[in-house]
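Understanding the architecture of this molecule
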Amino acid sequence: MVKPARLAVKAQLVIDGTGRRPIERGVVLVEGGRIAAVGRQAEISIPEGTEVLDCGAQTLLPGLVDAHSHASIIPGLGDQIGQLRQGPAPQLLRAVQNLRADLRSGVTTMRVVGEEHFIDIELRAAIAEGRLPGPRLLVATRPITARNGHGAALTFSDGEDEIRRHIRENVAMGADLIKLFMTGGTSSKGTAARWYAYSPQEVQVVVEEAHRNNKPVAVHAHGGPGVRICIDAGVDTIEHGKLCEFEDFAAMRERGTWLVTNNAVSGHPDGIEKGDGGVPSIMAKLKESRERSRQTFQAVLESGVRWALGTDSMHGLMWWEIAKVVEWGADPHDAILAGTRRAAEAIGMGSEAGSLEPGKLADVISVDGNPLADIACLQRVGVILQGGLRRDTLSDQ
Ligand SMILES: [Zn+2]
């Protein structure tokens, strides 16, 4: 791998991801793959021999953090569970293409919340060693799923013994977190979105086993009583929450549970609609999810729950996730934080990624415009630095 250079990246505006006011005529100084300094060009002295990258009128931001995705899934191909039931070869071929698209869209860190065959362990290593372009990965490996639950592909965990055994196997293989499928989901035929798979005792077993191994628990949950069971059990993140009520979000705020939400897979034409448009039971659930999305997001904002964003396999569309919540009333700066610093915090990477601060990994992107005035400019990514390495110079082939 090329050794990270000493680099100064300049631009008209720097949004550093801490939440403080943007820096005009700013510069980010990078050394040894980490951020050495951030500030106004007039106030930061650039050591002699530093390579200078001038992004002109563009805006610098922290690399985007996708807090919820799957490497091997392409929703537009349909039958997502079927994709997870395949062998590792087709899954890896899709993953290589997907992770490249993610990185090219400015996502430098991603949490993968469920794969079979432990392919995410291999992908994480290949990316970390520079053999494969893609976001730095945190991986859940095989999700904990009931035989009759959403997300049930190849590995089923029924009863406390299987739950413990599978969590221990996942941890032994190198899982960074434990993923639990609690409620039904939109993209599977059989499960109602408010139905839930696991008893309160089983959820407590998941949390106890995961936390004893220092692994956070991320829970797929849309709405209904299953959400509260998970919050009460002390899970770390609720994923989706698309049918949650204000009281559910308020309970999460009280307990300190994160919400990781997403909209593209249900709302974008290339998502579930493209892949499973011909399946009436899926389209009925999609319709309810879409109709409620906006008001559910209002409840998120009003509740004060800590929230972050992911794409749920809509590779390359992190910008769309951020733009969509701005359309629904989020402050643009706050929405950017949901895809950078807060996303990093939600997945336990807050001390390493998500903001441009001295000591953190040098994950820096430039976008063509000012996203606080025009959020859609987040799709026009220029420079991409990941751990101080240029990634925007990858060929498109
Ligand atoms: Zn997912």
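Each value, and the rule that gives it
- Residues numbered from 1 in each chain as written.
- Predicted model: local features only at pLDDT ≥ 70, side-chain atom pairs only at ≥ 80, totals over all residues.
- Heavy atoms only, no water.
- Pairing = 2+ DSSP bridges.
- Helix = DSSP H or I, 4+ residues; strand = E, 2+ residues; numbered from the N terminus.
- Axes fitted to C-alpha atoms, helices over the stretch in contact; angles between N-to-C directions.
- Domains from an automatic or database assignment.
- Contact = heavy atoms within 4.5 Å.
- Buried area = accessible area lost by both parts, 1.4 Å probe.
- Salt bridge = Lys/Arg side-chain N within 4 Å of Asp/Glu carboxyl O.
- Polar contact = N/O pair within 3.5 Å; in protein donor to acceptor, adjacent residues only side chain to side chain.
- Nonpolar A, V, L, I, M, F, W, Y, C, P; charged D, E, K, R; others polar.
- Donors = N, O, S within 2.8 Å, 3.2 Å for Na, K, Ca; no water.
- Buried < 20%, exposed > 50% of the residue type's maximum accessible area, 1.4 Å probe, protein only.
- Parallel < 35°, antiparallel > 145°, perpendicular 65-115°, else oblique.
- Disulfide = S-S within 2.5 Å.

1. So, the sheet that holds strand 12 (residues 258-261)
- Strand order in the open sheet formed by 5 strands is 9-10-11-12-13, and the pairing between neighbours is parallel. Strands with a single pairing partner mark the edges of an open sheet, and in this sheet they are strand 9 (178-181) and strand 13 (307-309). With strand direction ignored, the average angle separating the axes of adjacent strands in the sheet is 25 degrees.

2. A few points about the domain arrangement of the chain
- Examined at the domain level, the chain breaks down into domain 1 (7-63 + 354-390) and domain 2 (64-346).
- Relative to domain 2, the C-alpha centre of domain 1 lies at a distance of 29 Å.
- Contact residues are listed per partner, giving 25 residues for domain 1 and 22 residues for domain 2.
- Three residues stand out in domain 1 for area buried against domain 2, namely Ile 375, Leu 378 and Gln 386, and they jointly supply 28% of the buried area on that side.
- Put simply, domain 1 and domain 2 have 1 salt bridge between them.
- We note a salt bridge from Asp 363 to Arg 136, for which the minimum N-O separation is 2.6 Å.
- The interface formed by domain 1 and domain 2 includes 6 residue pairs in polar contact (both at pLDDT 80 or more).
- Residue assignment for the side of domain 1 that touches domain 2 shows that the elements contributing at least two residues are strand 5 (59-62) and strand 15 (381-386).
- Grouping the amino acids of the side of domain 1 that touches domain 2 by side-chain chemistry returns 14 nonpolar, 9 polar and 2 charged.

3. Notes on the coordination of the zinc ion
- Around the zinc ion, the donor atoms from the protein are His 68 (NE2), His 70 (NE2) and Asp 312 (OD), and they sit 2.1 to 2.3 Å away.
- Of note, the donors binding the zinc ion are all from one chain and are spaced H-x1-H-x241-D. Here His 68 is found in strand 6 (residues 64-69), whereas its partner Asp 312 is found in the loop between strand 13 and helix 11 (318-327), with 244 residues between them in sequence. In terms of burial, His 68 and Asp 312 fall into one category: buried.

4. Focus on the packing of helix 6 (residues 225-233) against helix 7 (residues 246-255)
- Running from N to C, helix 6 and helix 7 point in directions that differ by 5 degrees, and their axes come no closer than 10 Å. The angle between helix 6 and helix 7 falls in the class roughly parallel. Within the contact between the two elements, helix 6 uses Val 227, Arg 228, Ile 231, Asp 232 and Ala 233 and helix 7 uses Glu 247, Asp 248, Ala 251, Met 252 and Arg 255.
- Split by residue class, the contact of helix 6 with helix 7 holds 5 nonpolar, no polar and 5 charged.

5. Things to note about the state of the cysteines
- Under the criterion given, the structure shown has 0 disulfides.
- The thiol sulfur of Cys 244 is not disulfide-bonded, and the nearest other cysteine sulfur, from Cys 230, lies at 10 Å.
- Of all cysteine sulfurs in the structure, the one in Cys 55 sits closest to Cys 377, which takes part in no disulfide; the separation is 13 Å.

6. Description of the sheet that holds strand 8 (residues 136-139)
- Spatially, 3 strands are ordered 6-7-8 in an open sheet, and the strand pairing comes out parallel. Each edge of the sheet is formed by a strand with only one pairing partner; in this case those strands are strand 6 and strand 8. Across the sheet, the axes of successive neighbouring strands diverge by a mean angle of 15 degrees, strand direction being ignored.
- Two strands pair when backbone bridges link them, and strand 6 and strand 7 (residues 107-112) are joined in this way by 4 bridges, in the parallel orientation. Along strand 7, the bridge assignment pairs Leu 64 with Val 107.
- On top of the sheet, helix 2 (residues 88-104) reaches strand 7 and strand 8; it is set at about 135 degrees to strand 7, its chief contact.

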